[in-house]
Amino acid sequence: MEKTYTIVREQNNGEKIYIDYTKFNGYKVRPRNNVKYEGVKVNSLVILKPSFIEKLLKKKVKRKLDFYLQYIISLMDNNEEDGNVGNLKLALDDLARYKSIVEYKYRKYLDQKYINLLLKKIDILEHEIKMKLIYKQEEVYEMEETIGKSR
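This one's a predicted model, so the numbers in the text were calculated from it and none came from an experiment. (Residues numbered from 1 in each chain as written. Predicted model: local features only at pLDDT ≥ 70, side-chain atom pairs only at ≥ 80, totals over all residues. Heavy atoms only, no water.)

A. Highlighting helix H1 (residues 50-77). If you check H1, its first and last C-alpha atoms are 40 Å apart, about what 28 residues at 1.5 Å a residue would give, namely 40 Å. Within the span of H1, buried status applies to Ile53, Leu57, Val61, Leu65, Tyr68, Ile72 and Leu75. (Helix = DSSP H or I, 4+ residues; strand = E, 2+ residues; numbered from the N terminus. Expected span 1.5 Å × (residues − 1). Buried < 20%, exposed > 50% of the residue type's maximum accessible area, 1.4 Å probe, protein only.)

B. Focus on the pattern of salt bridges. According to the stated counting rule, one finds five salt bridges in the structure shown. Between Lys58 and Glu54 there is a salt bridge, with its nearest N and O atoms 3.1 Å apart. On the criterion of helical spacing, the pair formed by Lys58 and Glu54 is a turn pair, its members being four residues apart in helix H1. Relative accessible area serves as the criterion here: at 27%, Glu54 is assigned to the partly exposed category. Glu126 serves as the salt-bridge partner of Lys99, at 3.8 Å between the closest nitrogen and oxygen. Of the two residues, Lys99 is situated in helix H2 (residues 82-104) and Glu126 in helix H3 (residues 112-148); the sequence distance between them amounts to 27 residues. Judged on exposure class, the residue Lys99 and its partner Glu126 are both buried. Through salt bridges with shared partners, one network takes in Lys99, Asp123 and Glu126. (Salt bridge = Lys/Arg side-chain N within 4 Å of Asp/Glu carboxyl O.)

C. Quick peek at the packing of aromatic side chains. Counted according to the given criterion, the structure contains five aromatic pairs. On the numbers, 6.4 Å between centres and 70° between planes, the contact of Tyr27 with Tyr106 is edge-to-face. Separated by 79 residues along the polypeptide, Tyr27 in strand E3 (residues 27-29) and Tyr106 in the loop between H2 and H3 bring together distant segments of the chain. Residue Tyr27 shares its accessibility class with Tyr106, and that shared class is buried. Seen from their ring centres, Phe67 and Tyr71 are 6.4 Å apart, and the 10° between their planes marks the pair as stacked. (Phe/Tyr/Trp six-rings, centres within 6.5 Å; stacked < 30°, edge-to-face > 60°.)

D. Highlighting the side chain of Glu126. A relative accessible area of 11% places Glu126 in the buried class. Aside from chain neighbours lying at most four places away, what touches Glu126 is Leu92, Leu95, Ala96 and Lys99. (Contact = heavy atoms within 4.5 Å.)

E. Structural context of the environment of Met76. Along the polypeptide, Met76 turns up in helix H1. When neighbours within four sequence positions are excluded, Met76 is seen to be in contact with Glu128, Ile129 and Lys132.

F. Representation of the environment of Lys49 within the structure. For Lys49, the location among the structural elements is in the loop between strand E4 (45-47) and H1. On the accessibility criterion, Lys49 (56% relative accessible area) is exposed. Distance in space between the C-alpha atoms of Lys49 and Gly26 is 7.5 Å, their sequence separation being 23 residues.

G. Here's a closer look at the nonpolar core. With 27 residues, the main nonpolar core has Tyr98, Val102, Tyr106 and Ile129 as its most contacted residues. At the level of secondary structure, the elements contributing two or more residues to this core comprise H1, H2 and H3. Here this core gets eight residues from one element, more than from any other, and that element is H3. Setting aside its immediate chain neighbours within four residues, Ile129 contacts Ile72, Met76, Leu88, Ala91, Leu92 and Leu95. (Core = buried A, V, L, I, M, F, W, Y, C linked by side-chain atoms within 4.5 Å.)

H. Quick look at the confidence of the model for the protein. This prediction gives the protein a mean pLDDT of 80; 79% of its residues lie at or above 70. When pLDDT is averaged over each helix and strand of the protein, the minimum, 54, is found for strand E1 (residues 6-10) and the maximum, 89, for H1. (pLDDT = per-residue confidence, 0-100.)

In structure tokens:
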């Protein structure tokens, strides 16, 4: 299969490049840098080489797991009573969303053994958040119980 692109000239806007992405089997990436320069503006990029896709995704997943770990540690250390339960629930929902992304989007690019390892790590993080939620809810229940029995 030949991988090509088509350059179409438009009268008004100059040159535009149209690419048929259905012919490419790769990982689609959108650049985030906002560096201004005179040249070609790249809106999206399709990476085709499987080894490069694997390296890129492993780096991306590692960075995201480190971010979640630091966020969860900061939530565990924070002893606020009111906002902490809400933040823990939001973190749990976000972690569940990320788990589904790993399961369904990255599965075709990464090997099964690595995916299983990632899912175990995410499960451990979810378990810690759930344990902290249970602990916080028990604290709130005990506080309400002691306040209610003050007579």
